[in-house]
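# Topology and contacts: notes
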Amino acid sequence: MTSRAEDLAVRPITTPEIPDWIRALNTGFLRTPTVSDAELADRASYIDPPRTLGAFDGGRCVATFRSFPQELTAVGGTPVPADAITNVSVTSTHRRRGLLTRMMARDLAAAKERGDVVATLIAAEYRIYGRYGFGPATSATQWEIDVQRAGLDPRWSAPEDGGRIDLVDAEDVRKLGPELHERLRRLQPGAINRDDRWWQIDTGAVTLTRSSWTEPFYAVHRSADGEVAGLAAYVCDDTWTDAKQPGDTATVKWLIATTPAAERALWQHVCSLDWVTKVKSGWRCPDDLLPHFLPDPRAATITTQADWLWVRILDVVRAMEARSYEGEGTLVFEVTDGAGLAGGRYRLVASAQGASCAPTTESAELTLDVRELGSLWLGDASALRLAALGRVREERAGAARVADALLRTSRRPWCPDIF
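Here the structure is a predicted model, which means the values were calculated and not measured. (Residues numbered from 1 in each chain as written. Predicted model: local features only at pLDDT ≥ 70, side-chain atom pairs only at ≥ 80, totals over all residues. Heavy atoms only, no water.)

Our focus in this paragraph is the overall build of the chain. Check the secondary structure of the chain and you find twelve helices and 19 strands. At 23 Å, the chain has a C-alpha radius of gyration in line with the 22 Å of a compact globule built from 419 residues. Projected onto its principal axes, the C-alpha positions of the chain cover 65 × 55 × 40 Å. A buried classification covers 50% of the 419 residues belonging to the chain. Counting contacts in the chain only where the partners sit at least 6 residues apart, residues at least 24 apart contribute 72% of the total. (Helix = DSSP H or I, 4+ residues; strand = E, 2+ residues; numbered from the N terminus. Rg over C-alpha atoms; globule rule 2.2 N^0.38 Å. Buried < 20%, exposed > 50% of the residue type's maximum accessible area, 1.4 Å probe, protein only. Contact = heavy atoms within 4.5 Å.)

See the structure below:
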């Protein structure tokens, strides 16, 4: 007999239920359901049961959901508290029973109560999360570089800015990386914080049970005064052509830099490696400078472009006041929110000196769903474009253009990480 939806319990898990929850997660992600002792020990080390939800049918976990605290950088560099959502799954035998809706509603209500400004996630499937108020707020692009076509000087050996590049080991990265990333995320809207576990995993100090580990090469850029301004991690294959010529591919796992000079130097380093004829960039910001660091930008071909970080606004006032604005003006906008978490009418007054946002009874100039506000908040989406698509409604002619002048940014937001 099929269990009725109302008979399925949705609640935080207990510590003894972690193995069953992991089994359900693996099943939902089409992985081998078996939970090894190593996997259990690893996941139990960071799972917070009160923020880890499960749906249970007769004592068996059939759906999973987890959130954790995060900081997301708003436009202008201010970090805001975020409810980061991950590990979402529903077992195939229990789909279409509202389990994700119940888990999401419970988690978002708790996040609102805690005072989180936004919720975030990386969406595996596009069509699911808009109905919960999430909108795609950043995108990511991957390039493949034909090194021999790029036109770079093959005799290059040192940065032109007076700095230097050195290869370092994993221990050095664990020392240098966190501070560099903290400086970067204050500059990059859409960036999130990285905890110590992130650096432990990325440098092989912690090995995930379901992932193979290949130690990468790590390159650090130091400016002329000795300050660390960039780090890159990359791996190389070992490929030779039939003509006995090397044709290796260097794949960049990640590259972060706080100055364009450091960024340019690190890309020059990777593209000048002996035997390497192709470089894969990894996930980058769509308006990354990378192609134009090359004398021939056509040598960099886009291989993938996709939505990345999704944002759900929980507190409109704090979200709008946390970010900076390049333009100056006033906008009255109406936010619809089926979950009742962030709906209302608001008056935004913004300038380069700051912004105020408050509920108002004035007539709305623009009406939009909370998911569209999530897309607009980091400055990437266009209200004018959303209006043309019928997803934003102008109550006063020209209001979408005003919104773009206030909200859009000169550089696109970027989230370098997945979670």
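Following the structure, the description resumes.
Taking strand neighbours across the sheet as the criterion, the seven strands line up as E1-E2-E3-E4-E5-E14-E6 in an open arrangement whose pairing is mixed. Either end of the sheet is taken by a strand with one partner, and the two such strands are strand E1 (9–12) and strand E6 (135–136). (Pairing = 2+ DSSP bridges.)

Further remarks concern helix H12 (residues 399–407). Taken together, the buried positions of H12 are occupied by Ala-399, Ala-400, Ala-403, Asp-404, Leu-406 and Leu-407. All buried residues of H12 project into a common sector of 165° when viewed along the axis, lining one side. Seen from the buried face of H12, the exposed residues on the opposite side, beyond 90 degrees, are Arg-401 and Ala-405. (Arc of directions from axis to C-beta.)

With seven of its nine residues buried, strand E10 (residues 228–236) lies for the most part within the structure. The turn joining strand E9 (residues 217–222) and E10, which pair antiparallel and follow one another in sequence, is formed by five residues; a positive phi near 90° is taken by Gly-226.

The next subject is the sheet that holds strand E18 (residues 366–369). Spatial ordering of the open sheet is given by E17-E16-E15-E18-E19, a layout of five strands whose pairing is mixed. Either end of the sheet is taken by a strand with one partner, and the two such strands are strand E17 (354–359) and strand E19 (392–394). Sheet twist, expressed as the mean angle between neighbouring strand axes with direction ignored, is 25°. Pairing of E18 with E19 involves three bridges; the strand directions are antiparallel. (Axes fitted to C-alpha atoms, helices over the stretch in contact; angles between N-to-C directions.)

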